[in-house]
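Structure at a glance
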Amino acid sequence: MNTAKFITLEGMDGAGKTTHLDWIKSQLLLSGIDLVATREPGGTPLGEALRQLLLITEESRHPDTEALLMFAARREHIAKVISPALLAGRWVLCDRFTDATYAYQAGGSSLQWSRIVQLENWVQGDLQPDLTFYFDVPPEVGRARTQQVREPDRFEREQAEFFARVRAAYLRRAQEFPSRIQVIDATRSISEIQIQLASILSNI
Ligand code: TMP
């Protein structure tokens, strides 16, 4: 029986996602699990090139374009990395996946939710993560962890509204998929969070 699991991690900047990903990876490796750690957008040469375009380019773009590019990178990632690994019995640990498109493009950038449903069905078919950790922090906590603390300017206030919508969309996804998406209160200490992560991982 193929028991390879597909695990994704989600959360806003400052939620501690990278720290927890490294820890989860080390725990799985210690348990003798063969895994592929990867990320989105990215994970393939084309995906990493699209990541550069998406994350570095300052030029504003239509939210449809952004979602299409995310899913173009995802299609390649599934075909070249995720599906082959799972088929070979290797676990996949992925830093962000489609929940991020719902959160950022539908939530943050107000793209129609149904557009993402269409793209998800097309690109993923039946493929869904077995388990998703969503590291939840209020936007102001995330911001305070990543930037110096001072009064936000107009641009940062607009950003704060964007991130409030991102968080609301993540929480909506978690409500829709309560058995897959584990909401982790990431305002707590790293050691408290690790105890919870270990307990969830022991039951997967
Ligand atoms: P990261 O460095 O935490 O992986 O951040 C990647 C950025 O890309 C982050 O701002 C979220 C964004 N993103 C989207 O907007 N949509 C997506 O579908 C994905 C995967 C990421």
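Definitions and cut-offs
Residues numbered from 1 in each chain as written. Predicted model: local features only at pLDDT ≥ 70, side-chain atom pairs only at ≥ 80, totals over all residues. Heavy atoms only, no water. Helix = DSSP H or I, 4+ residues; strand = E, 2+ residues; numbered from the N terminus. Rg over C-alpha atoms; globule rule 2.2 N^0.38 Å. Buried < 20%, exposed > 50% of the residue type's maximum accessible area, 1.4 Å probe, protein only. Areas by Shrake-Rupley, 256 points an atom, 1.4 Å probe, with all protein chains shown as cover. Lys, Arg positive; Asp, Glu negative; His and termini not counted. Charge placed at Lys NZ, Arg CZ, Asp CG, Glu CD. Axes fitted to C-alpha atoms, helices over the stretch in contact; angles between N-to-C directions. Parallel < 35°, antiparallel > 145°, perpendicular 65-115°, else oblique. Left-handed = near helix turned anticlockwise from the far one by under 90°. Contact = heavy atoms within 4.5 Å. Nonpolar A, V, L, I, M, F, W, Y, C, P; charged D, E, K, R; others polar. Phe/Tyr/Trp six-rings, centres within 6.5 Å; stacked < 30°, edge-to-face > 60°. Near = heavy atom within 4 Å. Polar contact = N/O pair within 3.5 Å; in protein donor to acceptor, adjacent residues only side chain to side chain.

**Brief notes about the overall build of the protein chain**
Helix and strand counts for the protein chain stand at eight helices and five strands. Secondary structure elements of the protein chain, listed N to C terminal, follow the sequence β-α-β-α-α-β-α-α-β-α-α-β-α. Since a compact globule built from 204 residues should have a radius of gyration of about 17 Å, the 17 Å found for the protein chain is in line with a globular shape. Looking at the protein chain as a whole, 45% of its 204 residues qualify as buried. Roughly 10,700 Å² of accessible area belongs to the protein chain as shown, and the carbon and sulfur atoms make up 54% of that amount. Counting 23 positive and 26 negative side-chain charges, the protein chain places the centres of these two groups 1 Å from one another.

**Considering the packing of helix H1 (residues 17–30) against helix H8 (residues 190–202)**
Between H1 and H8, the least distance of the axes is 11 Å, while the angle of their chain directions is 45°. In this view, H1 runs oblique relative to H8, as classed from their interaxial angle. In the crossing of H1 with H8, the sense of the turn from one axis to the other is right-handed. Taking contact as the criterion, the partners of Thr19, His20, Trp23, Ile24 and Leu28 in H1 are, on H8, Ile190, Ile193, Gln194, Leu197, Ala198 and Leu201. Looking at the contact of H1 with H8 residue by residue, the classes come out as eight nonpolar, three polar and no charged.

**Points about the packing of helix H2 (residues 45–56) against helix H3 (residues 63–87)**
Two numbers describe how H2 lies on H3: the axes approach to 8 Å, and their chain directions differ by 160°. Judged by the inter-axis angle, H2 sits roughly antiparallel to H3. For the element pair H2 and H3, the recorded crossing hand is left-handed. On H3, the residues that touch Leu46, Gly47, Leu50 and Leu54 of H2 are Glu66, Leu69, Met70, Ala72, Ala73 and Glu76. In the contact of H2 with H3, the residues fall into seven nonpolar, one polar and two charged.

**So, the packing of aromatic side chains**
Applying the stated criterion across every chain yields a total of seven aromatic pairs. Relative to tyrosine 170, the ring of tyrosine 104 lies with its centre 6.3 Å away and its plane at 85°, an arrangement referred to as edge-to-face. Of this pair, tyrosine 104 sits in helix H4 (residues 98–108) while tyrosine 170 sits in helix H7 (residues 154–176), and the two are 66 residues apart along the sequence. Accessibility classification places tyrosine 104 together with tyrosine 170 in one group, the buried group. Of the aromatic side chains, those joined through ring pairs into one cluster are Tyr104, Tyr134, Phe162, Phe163 and Tyr170.

**Let's talk about the site of the ligand**
In the region of the ligand, the neighbouring residues are Lys17, Glu40, Pro41, Arg51, Leu55, Met70, Arg74, Arg96, Ala100, Thr101, Tyr104 and Gln105. Interatomic distance of 3.1 Å between a side-chain N/O atom of lysine 17 and an oxygen atom of the ligand. At a separation of 3.0 Å, an oxygen atom of the ligand approaches a polar side-chain atom of arginine 51. Out of a free accessible area of 480 Å², the ligand has 82% covered by protein chains.

By themselves these figures say nothing about function.
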